[in-house]
Amino acid sequence: KSIELSMQVIAQNPKLMDLFTAHINSKGTYVASHSSSLVYICCGISRRLDWVSTYSFSKLSMVAFMHDLSLLPQQEENVYQLNEKARGNEKQSKELELYKTHPELSAKLASDFSSLPPDVDKIISQHHEKPDGTGFPFGLTEKRIHPLAALFIVAEDLLLSLEKSENISEDILKFVAEKKDLYSSGHFRKILNVIGASVRKPDGV
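Thresholds applied
- Residues numbered from 1 in each chain as written.
- Predicted model: local features only at pLDDT ≥ 70, side-chain atom pairs only at ≥ 80, totals over all residues.
- Heavy atoms only, no water.
- Helix = DSSP H or I, 4+ residues; strand = E, 2+ residues; numbered from the N terminus.
- Polar contact = N/O pair within 3.5 Å; in protein donor to acceptor, adjacent residues only side chain to side chain.
- Core = buried A, V, L, I, M, F, W, Y, C linked by side-chain atoms within 4.5 Å.
- Buried < 20%, exposed > 50% of the residue type's maximum accessible area, 1.4 Å probe, protein only.
- Contact = heavy atoms within 4.5 Å.
- Arc of directions from axis to C-beta.
- Phe/Tyr/Trp six-rings, centres within 6.5 Å; stacked < 30°, edge-to-face > 60°.
- Axes fitted to C-alpha atoms, helices over the stretch in contact; angles between N-to-C directions.
- Parallel < 35°, antiparallel > 145°, perpendicular 65-115°, else oblique.
- Left-handed = near helix turned anticlockwise from the far one by under 90°.
- Nonpolar A, V, L, I, M, F, W, Y, C, P; charged D, E, K, R; others polar.

Enquirer: Report on the side chain of Gln75, specifying residues and quantitative values.
Expert: Note that Gln75 resides in helix 5 (residues 73–77). Here Leu72 takes part through its backbone nitrogen, which lies 2.8 Å from a polar atom of the side chain of Gln75.

Here you go:
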């Protein structure tokens with residue numbers, strides 16, 4: 001339902017629809033497949049947190065569909081490598097510096113459409129931030145990150161970690177264990193906890 005509602009909003013904006021169509025018809029299908037998967041994961045986590053308003057689902061869905069719309073074709077083709085480089089201490093090449101501007105550029109695209117729910121542009125602009133301040137483009141810490149942005153950040157991190165998973169439940173628990181220090185405070189900790197609880201058996205095994 002959230003996907004259907006989001007696509008209705010996109011379809012009502014010809015410029016936005018043209019932009020989205022250009023991405024899903026490009027050589028790769030990264031934006032379309034990645035975005036659709038994110039909608040399901042984000043809304044599932046939101047429900048487990050009892051953040052169950054249609055408004056929250058709508059915001060998360062629109063963010064999922066719009067957060068990477070400013071990526072250039074060559075960036076889409078190398079997005080996994082660019083994400084890895086952005087997380088590390090690799091020397092800031094021009095390519096990487098340009099990639100790190102895409103949250104702001106995508107947020108600007110979103111802010112140009114008045115029919116979108118409030119805060120969609122803010123959440124998009126923060127979707128690569130980290131609670132310890134090591135993210136980009138602003139280096140925000142946990143207290144300055146929008147709650148739905150925190151949810152989106154963890155959800156996308158989870159999705160990327162499961163790209164080649166052969167045992168989803170086992171790999172989700174591995175993700176929770178590996179991320180417990182990074183996502184150890186505020187909304188991030190709550191989000192990580194409900195992800196872990198979603199696959200743990202009642203006896204905690």
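Enquirer: So what's going on with the nonpolar core? Residues and values would help.
Expert: Ranked by size, the top nonpolar core spans 43 residues in total, and within it Ile45, Met66, Ile191 and Ile195 carry the most contacts. Residue assignment for this core shows that the elements contributing at least two residues are helix 3 (30–48), helix 4 (54–66), helix 8 (102–111), helix 9 (120–125), helix 10 (147–161), helix 11 (168–179) and helix 12 (186–197). With ten residues, the single largest contributor to this core is helix 10. When near neighbours in sequence (up to four residues on either side) are disregarded, Ile195 contacts Ile45, Val154, Leu158, Ile172 and Val176. Ranked by size, the runner-up nonpolar core spans seven residues in total, among them Leu71, Ala86, Tyr99 and Phe136.

Enquirer: Please provide a residue-by-residue account of helix 8, values included.
Expert: Those residues of helix 8 not exposed but buried are His102, Pro103, Ser106, Ala107 and Ala110. The buried residues of helix 8 occupy one face: seen down the axis, they fall within an arc of 135°. Elements in contact with the buried residues of helix 8: helix 4, helix 7 (94–99) and helix 9.

Enquirer: Explain the packing of aromatic side chains to me, and be specific about the residues and the numbers.
Expert: For the structure shown, the criterion picks out two aromatic pairs. Judged by centre distance (6.1 Å) and plane angle (55°), the rings of Tyr99 and Phe136 are tilted. In this pair, Tyr99 sits in helix 7 while Phe136 sits in the loop between helix 9 and helix 10, placing the two residues 37 residues apart along the sequence. Each ring, one from Tyr183 and one from Phe188, has its centre 5.5 Å from the other, and the planes form 10°; the classification is stacked. Across the pair, Phe188 and Tyr183 agree in class, each one buried.

Enquirer: Lay out unusual backbone geometry in plain terms, naming residues and giving numbers.
Expert: Phi is mostly negative for residues that are not glycine, and the peptide bonds are mostly trans. The omega torsion of the bond from Phe136 to Pro137 falls at 10°, within 30 degrees of zero and hence cis. When you line up the elements, Pro137 lands in the loop between helix 9 and helix 10. The phi dihedral of Asp50 falls on the positive side, at around 65°, and the residue is not glycine. Relative to the assigned elements, Asp50 resides in the loop between helix 3 and helix 4. For Asp50, a relative accessible area of 64% gives the class exposed. Within the chain, Asp119 stands out as a residue other than glycine whose phi angle is a positive 75°. Its place among the elements puts Asp119 in the loop between helix 8 and helix 9. Judged by relative accessible area, which is 27%, Asp119 ranks as partly exposed.

Enquirer: Go over the packing of helix 10 against helix 11 with me, naming the residues and quoting the values.
Expert: Closest axis-to-axis distance for the helix 10/helix 11 pair is 10 Å, and the angle between their directions is 125°. On the basis of their axis angle, the class for helix 10 and helix 11 is oblique. Handedness of the crossing formed by helix 10 with helix 11: right-handed. Residues Val154, Asp157, Leu158 and Ser161 of helix 10 touch helix 11, and the partners they reach there are Ile172, Phe175 and Lys179. The residue makeup of the contact of helix 10 with helix 11, split by class, is four nonpolar, one polar and two charged.

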